[in-house]
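# Structural description and commentary
Now for the letters of each chain:
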Amino acid sequence: MRTAQEISSNIFLIGENDRRTERFENIFPMPNGITYNSYIIMDEKIALLDTVDRSVSFDFLESLENLLNGREIDYLVINHMEPDHCADIEYLCDKYSNLKVLGNAKTFQLISQFFTKDLSAHFQEVKELEEISLGAHKLRFYMAPMVHWPEVMFTYETTQSILFSADAFGTFGAFSGGVFNDQVDFERDYLQEARRYYANIVGKYGPQVQAILKKVSKNEIKMICPLHGPIWRTNLSYFIEKYNLWSQYIYEEKGVVIAYASMYGNTERAANKMANQLAQAGVKNIHMYDVSKTHTSFIISDIFRFSHLVLAAPTYNMGLYLPMHTLLHDMSVLNVQNKKAAIIANGSWAPAADKIMKQMLGEMKNVELLAEPFVIKSTLKDEQENDFNDLSNLIVSSINE
Ligand code: FEO
């Protein structure tokens, strides 16, 4: 079946939907699926940019061979060597003996590690700003190390000003028909998942994202073609600005994430009371999560989005309740920064959650604790009411600054 779609003159998307795989990297839930996007430029020479995940390889190869209609691929550009884009490299090298695989030294190292067969006869190394002509189309390469993995490159098609951006500007979420940003309601249907994808997959590497944005923005960009999700051909500045904020760890909106952990509901009741008091004081953007129930990736995504954070958790095994520890660990490795935070800690005997949460938040860059941890012993008591009000008032004042 032909599923390739022309997205610009003689440039085609072969984008395969995957609604079956439960978790990306076997970690991140994908309730709306995902796409693996491959692109092909049909010119005097033919260049294929990346392949797909093996879960959709059969359909991909069928679409590819239909489109080729007997012609051979000259170049296979590897912008990213993570296996969700690389299932078919060995097959294509076997099928097209003259195929040149374009990448950098790290790309070829990873190909050699992931594949058993020696494919080195196909390797052709490209350098920063090197150009390759396909005929009417020209490709220029930009190294984008750690914009997810160390070998990542962006490829810029110079005649039509198209940026092939690897994982950057990608999102979770399969196509429901439309493949361009202007064919979908991106804000409604993709933005949350684009943020979750960014924060959890690329979030650690903000400085590297900033570096590549600066490099490629010297060019006019009319279209952005990511490896996952919709292609951008209108209002590019909207999404580029989101990337600018996310990669500088700047919040998008004032608001509070309340992430709580609770064994028997007592810490949860304190978290609910805090949320209610904030709402009564006029705070509208309040987002509550039970860390034992909601996958960390969704909470991290909202932590990137909003300005304030309240963490509430009990002591457990003389330490911190494990799902809260996981959240804080994830915040740390993903380089969460620039937050105002408050802590509610519960402990029935030998409390430790307050100290551990304070220490872990304190190790994050520019995360300001608005007050010392608020400690409850088993349950929040009436005599703590005034102190609890003081804490919620502090949070409200900080939001209204
Ligand atoms: Fe879409 Fe880093 O893989």
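Report follows, based on the coordinates.

Calculation notes
Residues numbered from 1 in each chain as written. Predicted model: local features only at pLDDT ≥ 70, side-chain atom pairs only at ≥ 80, totals over all residues. Heavy atoms only, no water. Helix = DSSP H or I, 4+ residues; strand = E, 2+ residues; numbered from the N terminus. Buried < 20%, exposed > 50% of the residue type's maximum accessible area, 1.4 Å probe, protein only. Contact = heavy atoms within 4.5 Å. Lys, Arg positive; Asp, Glu negative; His and termini not counted. Charge placed at Lys NZ, Arg CZ, Asp CG, Glu CD. 1 Å grid on protein atoms, 1.4 Å probe; cavity = no way out; pocket = protein on both sides within 12 Å on 5 of 7 lines; lining within 4 Å. Points joined across faces, edges and corners; volume = space filled by probe spheres on them. Nonpolar A, V, L, I, M, F, W, Y, C, P; charged D, E, K, R; others polar. Pairing = 2+ DSSP bridges. Right-handed = clockwise from strand over helix to strand, strands pointing away. Axes fitted to C-alpha atoms, helices over the stretch in contact; angles between N-to-C directions. Patch = residues over 30% accessible without salt bridge, like charges linked within 9 Å, V, L, I, M, F, W, Y side chains within 5 Å. Areas by Shrake-Rupley, 256 points an atom, 1.4 Å probe, with all protein chains shown as cover. Salt bridge = Lys/Arg side-chain N within 4 Å of Asp/Glu carboxyl O.

## Examining the overall build of the chain
- Tallying secondary structure elements over the chain gives twelve helices and 21 strands in all.
- By principal-axis analysis of the C-alpha atoms, the chain measures approximately 80 × 40 × 35 Å.
- Scored against the burial criterion, the 401 residues of the chain give a buried share of 57%.
- Across the chain, contacts joining residues at least 24 apart in sequence account for 72% of those joining residues at least 6 apart.
- Computed over 37 positive and 50 negative side-chain charges, the inter-centroid distance for the chain is 3 Å.

## Overview of the layout of surface pockets
- Approximately 310 Å³ is the volume attributed to the largest pocket.
- Taken together, 17 residues make up the lining of the largest pocket; nearest its centre are M263, P314, T315, S348 and W349.
- Of all the secondary structure elements, the ones that give two or more residues to the lining of the largest pocket are α8 (266-280) and β17 (306-316).
- Ranked by residue count, the leading element in the lining of the largest pocket is β17, at three residues.
- Per-class residue counts for the lining of the largest pocket are seven nonpolar, ten polar and no charged.
- Space inside the second largest pocket adds up to approximately 200 Å³.

## Considering the pairing of strand β8 (residues 100-103)
- In this sheet, β8 lies alongside strand β7 (residues 75-77) in parallel orientation, the contact comprising three bridges. Among the inter-strand pairings, V77 is bridged to a residue of β8, identified as L102.
- After leaving β7, the chain enters helix α2 (residues 89-95) and then returns to the sheet as β8, a path that is right-handed.
- Across three bridges, β8 lies against strand β9 (residues 123-125) in parallel orientation. Within β9, the position partnered with L102 by the bridge is Q124.
- Remark: the β8/helix α3 (residues 105-114)/β9 crossover connection has right-handed handedness.

## Things to note about the sheet that holds strand β13 (residues 162-164)
- With respect to topology, five strands assemble into an open sheet ordered β10-β11-β12-β13-β14, the strand pairing being mixed. The open sheet has two edge strands, β10 (131-133) and β14 (223-225), and neither has a second partner. Between one strand and the next, the sheet's axes are offset by a mean angle of 20 degrees, whatever the strand orientation.
- Pairing geometry for β13 and β14, over three bridges, is parallel. In the strand pairing of β14, L163 is matched with I224.
- Packed on one face of the sheet, helix α6 (residues 206-216) meets β11 (138-143), β12 (153-157) and β13 and runs near 150 degrees to β11.

## Observations regarding the sheet that holds β8
- Spatial strand order, β1-β2-β5-β6-β7-β8-β9: seven strands in an open sheet with mixed pairing. Unpaired on one side and paired on the other, β1 (5-8) and β9 mark the two borders of the sheet. Direction aside, the axes of adjacent strands within the sheet are offset by 30 degrees on average.
- Strands β2 (11-18), β5 (34-42) and β6 (46-49) of the sheet are contacted by helix α1 (residues 57-68), whose axis makes an angle of about 160 degrees with β2.
- Strands in contact with α3 are β8 and β9; relative to β9, the strand with the most contacts, it is inclined by about 155 degrees.

## Some details on empty space enclosed by the protein
- Taken as a whole, this structure holds two cavities of 30 Å³ or more when the rule is applied.
- Its boundaries defined by the atoms lining it, the largest cavity holds a volume of some 40 Å³.
- What lines the largest cavity is Y249, I250, Y251, F304, V336, Q337 and K339.
- Residues that form the lining of the largest cavity fall into these classes: five nonpolar, one polar and one charged.
- Each pocket or cavity is described by its volume, and for the second largest cavity that value is around 30 Å³.
- Around the second largest cavity sit Y39, L49, D50, N79, F164, S165, A166, C225, P226 and L227, which together line it.
- Residues of the lining of the second largest cavity, tallied by class, amount to seven nonpolar, two polar and one charged.

## Details of the side chain of N219
- Note that N219 resides in the loop between α6 and β14.
- Under the relative-accessibility criterion, N219 is labelled buried at 16%.
- With near-sequence residues (within four places) excluded, N219 lies in contact with R140, Y142 and Y156.

## Quick notes on a nonpolar patch on the surface
- Taken together, the side chains of M263, Y264 and Y316 make up a nonpolar region of the molecular surface, amounting to roughly 380 Å² of accessible area.
- Examined against the element boundaries, M263 turns out to sit in the loop between β15 (253-260) and α8.
- Its relative accessible area of 38% is what places M263 among the partly exposed residues.

## Examining the environment of G178
- Position of G178 relative to the elements: it lies in the loop between β13 and α4 (186-189).
- The sequence separation of G178 and G229 amounts to 51 residues, and the corresponding C-alpha distance is 9.9 Å.

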